[in-house]
Amino acid sequence: MHIASVKELFDRSVPTYDQSRRQLIPCFDDFYRTAIELVPFQPGDPFRVLDLGAGTGLLSRFISEQFPRAHVTLMDLSSEMLAKARERFALEPERFAFMVQDYSKGLQGSYDLVVSALSIHHLDDAQKASLFRSIFGVLHKGGMFINADQVLGASECIDRIYREVWLRQVKERGVSDAELNAAKERMKADRLGTLERQLTFLSRAGFTEVNCWYQNYSFAVYSGRKE
């Protein structure tokens, strides 16, 4: 699917995107908690964060609440999503910056931490590998990349189980038919890669301490550090 189509899908989902997260991510609390726990700073430390595919700013919110001196740059294809993020952080404009940009085209700047949640799976494997090299390039020494995302099962059988379990769980959580159909429409833009390949891409990009810290079926949180 073309990048423009991805943008259109997420532009349309802005009004209900946040409220549907908990229903569509059955392991929501553990998934995001793990990503935040991996941040290698103390609550009072000042540091610079780049949030890729930041959407309405959900992950950035969690980080900014835990680390009140962090400066966060939110990057996303969708100006509509970032407009919601601007509203979310309107009371602290000095701490947040917003960039409407396709991060798969390369990154610039300098950051202590790069994060992403449920976005990079829209890239194919070659694009993921290229992005990881770009992330490595904008990180300071000692910096870290944390990705909370969905992954492809290592075999067709495993991946089928991932999908079946997810569908059962979201239905049990009461997701509406309309929201489920909207989620399935967005999933047409997915280009999931296996966890093993993505960890390999990180290592090849130069990251060390590459590891998956959490996995619940297709939902995984992994990271790498720049020495």
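Provided above is the structure to which this section pertains.
Residues numbered from 1 in each chain as written. Predicted model: local features only at pLDDT ≥ 70, side-chain atom pairs only at ≥ 80, totals over all residues. Heavy atoms only, no water.

Visitor: Which residues make up the packing of aromatic side chains, and what values do they have?
Guide: Under the definition given, this model contains 12 aromatic pairs. When the centroid spacing of 6.3 Å and the interplanar angle of 80° are considered together, the rings of F28 and F62 count as edge-to-face. On the criterion of sequence distance, the pair formed by F28 in helix 3 (residues 28-37) and F62 in helix 4 (residues 58-66) is long-range, its members being 34 residues apart. Site record: aromatic cluster; members linked through ring pairs are F28, F31, Y32, F62 and F219. (Phe/Tyr/Trp six-rings, centres within 6.5 Å; stacked < 30°, edge-to-face > 60°. Helix = DSSP H or I, 4+ residues; strand = E, 2+ residues; numbered from the N terminus.)

Visitor: So, the side chain of Q150: which residues are in play, and what are the values?
Guide: Counting through the fold element by element, Q150 comes out in strand 5 (residues 139-150). Among the polar contacts made by the side chain of Q150, one reaches the side chain of S218 at a distance of 3.2 Å. Once residues lying within four places of it in the same chain are set aside, the contact partners of Q150 are L118, H121, R163, L192, S218 and F219. (Polar contact = N/O pair within 3.5 Å; in protein donor to acceptor, adjacent residues only side chain to side chain. Contact = heavy atoms within 4.5 Å.)

Visitor: Describe the packing of helix 3 against helix 4, naming the residues involved and giving the relevant values.
Guide: Taken N-terminus to C-terminus, the directions of helix 3 and helix 4 make an angle of 55°; their axes are 10 Å apart at the nearest point. In terms of orientation, helix 3 and helix 4 fall into the oblique class. Between helix 3 and helix 4 the crossing geometry is right-handed. Side by side, helix 3 and helix 4 meet where F28, Y32 and I36 of the first sit next to L58, L59, F62, I63 and Q66 of the second. (Axes fitted to C-alpha atoms, helices over the stretch in contact; angles between N-to-C directions. Parallel < 35°, antiparallel > 145°, perpendicular 65-115°, else oblique. Left-handed = near helix turned anticlockwise from the far one by under 90°.)

Visitor: So, the pattern of salt bridges: which residues are in play, and what are the values?
Guide: Two side chains of opposite charge can pair, provided their charged atoms sit close to one another. This model, assessed by the stated rule, comprises 10 salt bridges. For R95, the salt bridge identified is with E92, shortest N-O distance 3.3 Å. With a relative accessible area of 9%, R95 lands in the buried category. One salt bridge connects E209 with R225, and the closest N-O pair in it is separated by 3.4 Å. A residue pair is termed long-range when its members are at least 10 positions apart, and E209 in strand 6 (residues 208-216) and R225 in strand 7 (residues 219-225) qualify at 16 residues. Judged by its relative accessible area of 22%, R225 falls in the partly exposed class. (Salt bridge = Lys/Arg side-chain N within 4 Å of Asp/Glu carboxyl O. Buried < 20%, exposed > 50% of the residue type's maximum accessible area, 1.4 Å probe, protein only.)

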